[in-house]
Amino acid sequence: MIKIKNLYFAYGCDEQRNILDDINLEIKQGELIAFMGANGSGKSTLARLLNYLLKKKSGVIITDDLNYDDENNIYKIRSKVGMVFQNPDNQIVSDIICEDIAFGPENLNLDENEINQRVENALKMVNMFEYKNLLVSNLSGGQKQKIAIAGILAMNPDYIIFDESTSMINDKQDILEQIFDLNRKYQKTIIFITHDVEEAIKFNRLIILDKSKIIFDDTPENIFCAKKKQTKDLILKSNLDLPFTIKFINEIKKHGINLENTLDINLLAEFISKY
Ligand SMILES: Nc1ncnc2c1ncn2[C@@H]1O[C@H](COP(=O)(O)OP(=O)(O)O)[C@@H](O)[C@H]1O
Ligand SMILES: [Mg+2]
């Protein structure tokens, strides 16, 4: 479980400006969570804090039994909470693909068999096994993102943060299914930062950040299908793209057809056929 209480953060160059402003969250082991929010709302900063790449200004962060107040915990925190960066070039350390994936497990002092097994599994999970002996520099942006993902998977962390890490991937639907599979089979906790609302609504829980604060923390249905004007206004204010079904339902309302809000395209089709 990750517990965050009254978390504040500011970058050193501008200590007056809180980039995260009183964040409170509990993330249980095995949860599937999507994060959304406008550019600059603080998503990557929160991810870096959870991975201890940044140090909080005040408040509490505890992952399982590891308190972030104790700097001796940094190594353990980083092996428990893995993070795939937004830009794969910041993550890839070796020229050859399989060597890059092996880098993390080697640092965990695993034996060679275990390392080879992990490299193979991780590369298969992102559909890149046949590329294992090739140079990273020959890969496309999306393929590099897959290598960055495989590098973290090979470390086998309990909590995995994806910071817009599938944005350039062609078969990202397939990669997302693999990520869900990790959650189903091994109870991995997934924190998935994305700009793609269609992706976000596949998660059970959606957290939306706006200007350094959490404005929603609920199921995607409760957020996007809410009837309350206050909720609708808040979504509009946050400038988020709406799911396709909601956009469609809003449009067709203008023609006098009132349909119930749903995120399920099959249900939407059913509503229309009965109209
Ligand atoms: N290294 C940094 N130094 C100073 N300010 C930063 C740094 N990284 C991000 N910021 C600022 O912090 C705010 C939040 O950024 P970020 O966490 O990257 O947001 P998001 O990932 O939601 O786009 C932005 O205003 C950004 O300009
Ligand atoms: Mg970001």
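Figured I'd write up the structure that's included with this text. (Residues numbered from 1 in each chain as written. Chains lettered and ligands numbered in written order. Predicted model: local features only at pLDDT ≥ 70, side-chain atom pairs only at ≥ 80, totals over all residues. Heavy atoms only, no water.)

Take the coordination of the magnesium ion (ligand 2) next. For the magnesium ion (ligand 2), the full set of protein donor atoms is Ser44 (OG) and Gln86 (OE1), at a range of 2.1 to 2.8 Å. Residue serine 44 is found in helix α1 (residues 43–50), and its partner glutamine 86 is found in the loop between β6 (81–84) and α3 (97–107); the two are separated by 42 residues along the sequence. A relative accessible area of 14% places serine 44 in the buried class. Under the relative-accessibility criterion, glutamine 86 is labelled partly exposed at 36%. (Donors = N, O, S within 2.8 Å, 3.2 Å for Na, K, Ca; no water. Helix = DSSP H or I, 4+ residues; strand = E, 2+ residues; numbered from the N terminus. Buried < 20%, exposed > 50% of the residue type's maximum accessible area, 1.4 Å probe, protein only.)

Another aspect to go through is the sheet that holds strand β7 (residues 159–163). Overall, mixed pairing links the six strands, which are arranged β6-β7-β8-β3-β9-β10 in an open sheet. Of all strands in the sheet, those bounded by a partner on one side alone are β6 and β10 (213–218). Neighbour to neighbour, the strand axes of the sheet diverge by 15° on average, direction disregarded. Helix-sheet contacts for helix α6 (residues 172–186) involve β3 (32–37), β7 and β8 (189–193), and the interaxial angle to β8 is about 150°. (Pairing = 2+ DSSP bridges. Axes fitted to C-alpha atoms, helices over the stretch in contact; angles between N-to-C directions. Contact = heavy atoms within 4.5 Å.)

Close contacts around ligand 1 come from Tyr11, Cys13, Arg17, Ile19, Ala38, Asn39, Gly40, Ser41, Gly42, Lys43, Ser44 and Thr45, and that covers them all. Here tyrosine 11 contributes a side-chain N or O atom positioned 3.4 Å from a nitrogen atom of ligand 1. Isolated, ligand 1 exposes 560 Å² of accessible area, and the fraction of that covered by the protein chains is 66%. In terms of residue class, the shell around ligand 1 is built from four nonpolar, six polar and two charged. (Near = heavy atom within 4 Å. Polar contact = N/O pair within 3.5 Å; in protein donor to acceptor, adjacent residues only side chain to side chain. Areas by Shrake-Rupley, 256 points an atom, 1.4 Å probe, with all protein chains shown as cover. Nonpolar A, V, L, I, M, F, W, Y, C, P; charged D, E, K, R; others polar.)

Once that is clear, we can look at a negative patch on the surface. There is a patch of like negative charges on the surface, built from Asp95, Glu99, Glu106, Asp111 and Glu112. Among the structural elements, glutamate 106 can be located in helix α3. On the accessibility criterion, glutamate 106 (44% relative accessible area) is partly exposed. (Patch = residues over 30% accessible without salt bridge, like charges linked within 9 Å, V, L, I, M, F, W, Y side chains within 5 Å. Salt bridge = Lys/Arg side-chain N within 4 Å of Asp/Glu carboxyl O. Lys, Arg positive; Asp, Glu negative; His and termini not counted. Charge placed at Lys NZ, Arg CZ, Asp CG, Glu CD.)

A full pass over the atoms with the stated rule returns six aromatic pairs. Taking the centre distance of 6.2 Å and the plane angle of 35° together, the rings of phenylalanine 244 and phenylalanine 248 count as tilted. Linking phenylalanine 244 with phenylalanine 248, this pair stays in helix α10 (residues 244–253), spanning four residues, or about one helical turn. Following the ring pairs from residue to residue traces out a cluster consisting of Phe162, Phe180, Phe192 and Phe203. (Phe/Tyr/Trp six-rings, centres within 6.5 Å; stacked < 30°, edge-to-face > 60°.)

Applying the stated criterion across every chain, the model contains 19 salt bridges. Across the salt bridge formed by aspartate 69 and lysine 56, the nearest N and O atoms sit 2.5 Å from each other. Here aspartate 69 is found in the loop between β5 (66–67) and α2 (74–80), whereas its partner lysine 56 is found in the loop between α1 and β4 (58–63), with 13 residues between them in sequence. Across the salt bridge formed by aspartate 64 and lysine 80, the nearest N and O atoms sit 2.7 Å from each other. Remark: lysine 80 occurs in helix α2 and aspartate 64 occurs in the loop between β4 and β5; sequence separation between them is 16 residues.

Below, the discussion takes up the sheet that holds β4. The strands making up a sheet associate through hydrogen bonds between their backbones, and the pairing can be parallel or antiparallel. Taken together, the four strands give an open sheet; going across it, the order is β2-β1-β4-β5, and neighbouring strands pair in antiparallel fashion. Looking at which strands have only one partner, the edges of the open sheet turn out to be β2 (20–27) and β5. Note: strand β1 (residues 2–9) against β2, six bridges, orientation antiparallel. Bridged to phenylalanine 9 within β2 is leucine 20. Of the strands in this sheet, β1, β2 and β4 are in contact with α1, which crosses β1 at around 120°.

Once that is clear, we can look at empty space enclosed by the protein. Summed over all chains, the structure comprises one cavity of 30 Å³ or more. Looking at the largest cavity, its volume works out to about 50 Å³. Along the walls of the largest cavity sit Phe35, Lys43, Leu46, Ala47, Leu50, Ile161, Ile191 and Ile193, which together make up its complete lining. Of all the elements in the fold, those that place two or more residues in the lining of the largest cavity are α1 and β8. With four residues, the top contributor of residues to the lining of the largest cavity is α1. (1 Å grid on protein atoms, 1.4 Å probe; cavity = no way out; pocket = protein on both sides within 12 Å on 5 of 7 lines; lining within 4 Å. Points joined across faces, edges and corners; volume = space filled by probe spheres on them.)

Time to look at the nonpolar core. Formed by 49 residues in total, the largest nonpolar core has its most connected members in Ile101 and Phe224. A total of six residues in this core trace back to one element, the largest contributor, which is helix α5 (residues 141–153). Listed in part, the 29 residues of the second largest apolar core include Ile4, Ile23, Ala47 and Leu66. (Core = buried A, V, L, I, M, F, W, Y, C linked by side-chain atoms within 4.5 Å.)

This next bit is on the packing of α10 against helix α11 (residues 265–274). At a minimum axis separation of 10 Å, α10 and α11 run at an interaxial angle of 25°. Accordingly, the angle class assigned to the pair α10 and α11 is roughly parallel. Seen along the crossing, α10 lies across α11 with a hand that is left-handed. Facing Phe244, Thr245, Phe248 and Ile249 of α10, the residues of α11 in contact are Ile265, Leu268 and Ile272. (Parallel < 35°, antiparallel > 145°, perpendicular 65-115°, else oblique. Left-handed = near helix turned anticlockwise from the far one by under 90°.)

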